[in-house]
Structure formats: C-alpha cells, structure tokens
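# Examining the three-dimensional arrangement
What follows is the residue order along each chain.
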Amino acid sequence: MRKTLLNTMGLLLALFGATNASAQSTVELPYSITFDSTNDVWTVLDASPSPGTSWVFNNDWGNDGFCIGNAWTATPSYCIRTDSGEPNDYYVSPSFSLKAGKTYTVKTSSGTMYSTPATLSVEYTTTPTNAASFTKLSDINMPSSGAQYDNSYDLTVPEDGLYSFAFHATNTSAGDKSNWVYLYALGFSIEEKVGGETPDPGTDPDQPDPPAVDQEGTLPYDMTFDSAEKFATWTTMDNSDTPGVTWAYTASDFAGKPAAHMGTDATSGTCDWLVSPKFELKEGKSYKITVDAASGPNNELNLILDYFVGSKSADNQKTIEWIGSKLPKTEGEGGKVKNEWILDANKDDVYLFAFRALNWGANNANDAVSIYSVKIEEMAEGKPDAPVALPYEVSFEKEESVSGWTAMDRSASTASTWSWNSWGYQEYGADWNPVGDQHPCVGFSSDFNTDANDYWVSPAFALEAGKTYVAKAHTANNRSCIETGTTSFTMKLGTNKKMQSSFDKTLGSIELNTVYDRDPSTFEFTVEKAGNYYVAFHISDKTGANAYGYIFDFSLAEKKAVVEEPVATEPVANLAAAELTAEKSVELTWTNPTKDVDGKDLPADALLTVKVYEGEELLATQDAQAPGSKGTYTKEYTADTFAGEHAYKVVVVYKDKESEAATATLTVVVDAINGVVVPTDAKVSVHTLGGAAVGNNLSTLGKGTYIVTMKRADGTMKTVKVTK
C-alpha cells in the first residue's frame, strides 16, 4: 500500500481553528502534522540532568539542518542538537481522547544526522507535564544518517482518557553523552484503526495492490506493462520528502499507451522506485537490461536505473546509470538511442532492479515518465581476453592510458571506485603542507560509511610456470591512511577480472606513503600453472573513511637471469715430476683445486678440465675432473728424447676461464760408457758432477765422469753422463 500523505500546517490550523493551543488541549482524530514551520501547539519538556538545549525549529542547512541524502538544502523540522545537559528531552503533542479496546495507528516521520549515538523513541502519557509518566510505544529505528524514516505503530490503551504523545530523545551510550545529539522530527499522525489495516487514502481501489512479498523472477525475463495484473508483479517504494503519488499502472499515458507511469507528486521532492521481481544472479556474470521508456513534454523528472542486493530499501540502492529526463536517452551528436545497460554481478545473491523517479525540487506540472517494457537476460561469456605481451609498462598520466584496465568494486556500497583522476595527487611535505605539483593518476577516494573493497585490474598477461616475474608501481596515499592504520593496500594476482575470489594470491603489501617521487613498490612472483593472469591493486578499509590510493604507473616483466661473470680457479697443488728410468717415462702428479681465485668454494659437482703441457706443447686434456681429486699423467719417451731437461705445466679450465699454470722441471740423465756421438749441428757444454763448467770439448779433458749437454739447432736437447 502507498504511504499516507502527511497534512501540511494549513490543514492542522483548519482542524484546530487556532495557533495558540497548548499541549493540554484536546484535538479530534484523525490528526496529522508536518513540522515544516514553527508551531506553539506542541510543547517542549526538558528532563535532562542539567536542562539546556532542547527541541527547537530548524530550517538552516548551515546550522546542522536535516539534509536528506546528498541534498544541499535543509528539510524543515523540529530538532534537538548538542544538548549540553545530557539529553532527556520530550517534544510533546496535544492531547487526544482515546478509548480502551480500540486500536490506534501512530505514524512518525523522523531522521538523524552524523551517526549520532542518541536514541529517539515515541512515547505516550496521560500526564504530559510529568516526564516520569511516559510509556514507551517504540524506539524509532534509524540506522542510516541523512535518510527520512516513516514508521507506523499500533496502540491499544488500557483505559479511556486523554493521551499525549512525544518524541523522546535520550543518549544511553558510553562516554560523553552531552554533545553528540542530532535528531529530527518531521511529522506525526494518529487515527483510529478500522477493520484491521488502516486504509490508505492514496490507493486507487480500481488498481490491484502490489504483492505482499517480492515475486521470484526467472531469466531471461521479458515484461511489457500492458495490464494492471502485469504491473502488480512489480512493487513500489515511495521515498519522497512527503510521501504521496508514486508509480502506478495507466491504460493510456501522454502517448496514449499502457505503461508503468510516474506523474506529478504534489509539491514534494520526488524519490520513488518501481522495483522488479527478484533474480538469483552470479558473481562474474554480466546481465543486460533493455528498457523501452519515454517522457512527457517538458518533463523534469529524472529516471535512474538502480538495483538492490539481498533486499530492497532506500539505504540499499546502487546505481547502474542516471538515464536522464529526456527519454528515450540519446548519446552522441547523431542522437543514437541508448536503451541497454550492463550490470556485472559483484557477488552471488538476490538482485532486484529498480527505476527511480527523481526530482529534487517542487514538481513540474508536466512531470511524466512511462516505462513500456523491460528485458533482463544473462549475457554470453564472449571471447577470453587476449593477453598483452611482456614486458609491459604504462604511465597513468593521461586518461587514454587506462585502456584495458577495469575497476572491480566489491564494497558493501558501490558508490565510488578506482578511476582516472585529472586533478590527481597532491604531495605533502614533512610538515603535512602541500608541496609540488598535482599529478594526474588513477585514484580511489574512500567509500565513506561502508567498508572499501575495490580492485584496479590490469589487462591479461600470459604467464609461464617456473619463470619469475617482477611487478613494479609508483603509488601514494593521503595522511588519513597512515594516521589511522586502517587502510590495507596490496597487489594481488587472479585469473578472472570479474571474480573477487580468483584473486587469492597476494604478491605483497604496498607501503602507505605520501611521498610522490620515491622508489617503486617491487614484487617478484612465480605461478604454478601456465595461463592468463590479472594483476590487481586492492584497497580496503574496515572503517570506510580512510581508504585513499593513487597509482602513477605499473610495469610487469620476466625477471632476467643473472649471468655470473666466470671466475678462474686456483692452480693445481703439489705438482711433481718423477723419472721412470726403466720405462723411459716421466710421471706427473697433482691435486685439483677446490676454490676459485676469490677464495670461494667451487660447487661439489663442478666439472674441471685439466690441460697438461711440456713446454708449449699440449700433451693431454682431461675433462670432468672433480674439485680436490688427484690428478696424474705419464709421458713416454724414446731413447733419443728421454735424456735432457723437461719443463712441464698444468692448467685448469672452469667456465672458459684458465687458472694460472703450475710448473715443474725435470732433467733426465743417461749413462754413456762407450763414447758419445755428437751431432754436427749441436752446441756442447760440459760440466763436472759438481756442476762446474769445464768447456765444450770432452777430448781435451782428463779422466773422470762428466755431464755433457748437447743442444741442436732445432731446439732439442740431450744430456748424458760420460766416463773417460
């Protein structure tokens, strides 16, 4: 049923015939009053411990007036504010003659501001000057600030008598109770309840009542408002300043067509919803709403497409788009008609779609909006996003740079989310004064009064398992994020840009900082499974008022492998050369190194290559030698080549780097008893066994034993021991 239209002050005066009645005067039923001007009919009873500020008329926005929603003008009302004596204040009605056994319906219209902890209740008494005599009919539940609440209560009095009613303001919260009271009385009515439910004078008896509960809808859904019965499957919510006319079925509107129609709503600001049946929607799915609507000539009503999640209420509305006052809506220079809108469901739940007729001021006589048909359908998945190539880098200095990025709002309220901000970020210095220039960026500016839970989601990237990736971003925050400590700012990884649950991997926390020019936040990560992934900036705040984030740039690249500069090993140790006379051979032995030249241990599985030289001649290459292992090599000679001085060196090669050579020298002497044949091209030197040089002519020497060295022109040498 539609809400009862509260009478204006003029109607009240007609009922009384005077303006100076006292609270003790008796007024006939039915009775209603709107507190939109001063009156001396209701009285104030201040029962505070220290009487001070109490109920007073107020119509001043600048002096804590009552402002519905985001209105910039005050709604006239009686109010109580900042009671310095701890509030216990009654705003008391005139008296009404009530009978025992009869039921009376009391309706209140009220509001609250600034999330005050004070409580407003409606109470009644037969002794209106005695605060202790009042009996509570009900507390008035007003969970949200800046919203008008119209409530109805039934009362049966115990005995015949004159009864007065009161709005009673108290503060029972802990702490300072005196300076945090903002309660507003906007209207009151009382009438005898006849035949059960109180009749609603605004209902057209020829039209069916809306359903008692919201009907279940199934998709795809297709509704044409061409009969009262079809219209009755939808419900209405009249949230106007003064409830009155609301959405109704008409067989012939301004165009002569049947429609769901909203017209002129008295002189009140209009805020009325036409609400669909409820639908079960799924997170990550997109739903298309197609609307055929029109407006009458010179219409000033705006049409807004909203939706409710879970249940419908004026405090639960979320907006899809402001359609406008000139219907059908058109866009662009060519005036292309727009009649389709998309909703991405942000969680699995019940959703109701709603058309809100809105006119902030007094209604235009031509206000008229008609809705002819509505279609709701789940959209096909479409093609998966094509991944963006790596390395990827973007600066959010210009608006076009946000192409490919999406905002995913999972807050309790979807009033605000991430977007490009041309005004950008203002940096603050150490003393918290603004410094430097504004920086255009992608920004988030709190959800207020609700828990922020918003994602700024990148394009898709094709990532491979086992590889390491590096994400970087320059970001900033404002002062409240840091001081309150309630803001969380993280970078997350997910697989579906429409589903919060897919962002189950946190790459790391982004530092809360007000400095613009500083090192970026850097995160390294890997993925277990190859596929398309999205990187998201996630901001949240449990209080709802301190989440402020600013993103200046972002980059993602595969981490480059670190190329270690090769380092040579230490030389081999303990290199020695031993003569094997019988075999006419020389045996070399050594120990392979365990450290590099910097003193670092070589890996246990390192594979060393060892090269053995005589002079500059490569004798052998030994591969795959282990650090610390024993090395050996045997060089075989002929009778002609065995005797003489032999110089050896051993070199270790590791990762293409050669160690210093380890060297060893061995002189092999061969006995020659029967004389020595000296090649004609050889140079000869003769030494005694003690090493003394004795010339180069053996024939001139006396008897004895000598060492004779012969060096040929080709460099080959031979040393023999000769006895003469």
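Read on for an overview of the structure. As the structure is a prediction and not an experimental result, all values here were calculated from the model. (Residues numbered from 1 in each chain as written. Predicted model: local features only at pLDDT ≥ 70, side-chain atom pairs only at ≥ 80, totals over all residues. Heavy atoms only, no water.)

What follows covers the pattern of salt bridges. This model, assessed by the stated rule, comprises 24 salt bridges. In this structure, the salt-bridge partner of Glu-378 is Lys-285, at a minimum N-O distance of 3.8 Å. Taken as a pair, Glu-378 in strand β24 (residues 369-378) and Lys-285 in the loop between β16 (270-281) and β17 (286-295) lie far apart in primary sequence, 93 residues in all. Among the salt bridges present, the one from Lys-338 reaches Glu-321, with a minimum N-O distance of 3.2 Å. With a gap of 17 residues between them, Lys-338 in the loop between β21 (336-337) and β22 (340-344) and Glu-321 in strand β19 (residues 317-324) connect regions that are remote in the sequence. (Salt bridge = Lys/Arg side-chain N within 4 Å of Asp/Glu carboxyl O. Helix = DSSP H or I, 4+ residues; strand = E, 2+ residues; numbered from the N terminus.)

On to the packing of aromatic side chains, then. As enumerated under the stated definition, the model contains 45 aromatic pairs in all. Centroid distance Trp-42 to Tyr-91: 5.2 Å. Interplanar angle 35 degrees. Geometry classified as tilted. On the criterion of sequence distance, the pair formed by Trp-42 in the loop between β1 (31-34) and β2 (43-46) and Tyr-91 in strand β5 (residues 88-98) is long-range, its members being 49 residues apart. As far as the burial class goes, Trp-42 and Tyr-91 line up, both buried. Over the ring of Tyr-372 we find Lys-257; its NZ or CZ atom is 3.8 Å from the centre of that ring. A cation over an aromatic ring shows up here: Lys-635 above the ring of Tyr-637, its NZ or CZ 5.4 Å from the ring centre. (Phe/Tyr/Trp six-rings, centres within 6.5 Å; stacked < 30°, edge-to-face > 60°. Buried < 20%, exposed > 50% of the residue type's maximum accessible area, 1.4 Å probe, protein only. Lys NZ or Arg CZ within 6 Å of the ring centre and 35° of its normal.)

Turning next to the sheet that holds strand β23 (residues 349-359). Ordered by their spatial adjacency, five strands build an open sheet running β13-β16-β23-β18-β19, and the pairing between neighbours is antiparallel. The open sheet has two edge strands, β13 (235-238) and β19, and neither has a second partner. Between one strand axis and the next, the sheet turns by 25 degrees as a mean value, whatever way the strands run. Two elements, strand β18 (residues 302-309) and β23, share eight bridges in a ladder whose sense is antiparallel. Of the residues in β23, the one forming a bridge with Phe-308 is Leu-352. (Pairing = 2+ DSSP bridges. Axes fitted to C-alpha atoms, helices over the stretch in contact; angles between N-to-C directions.)

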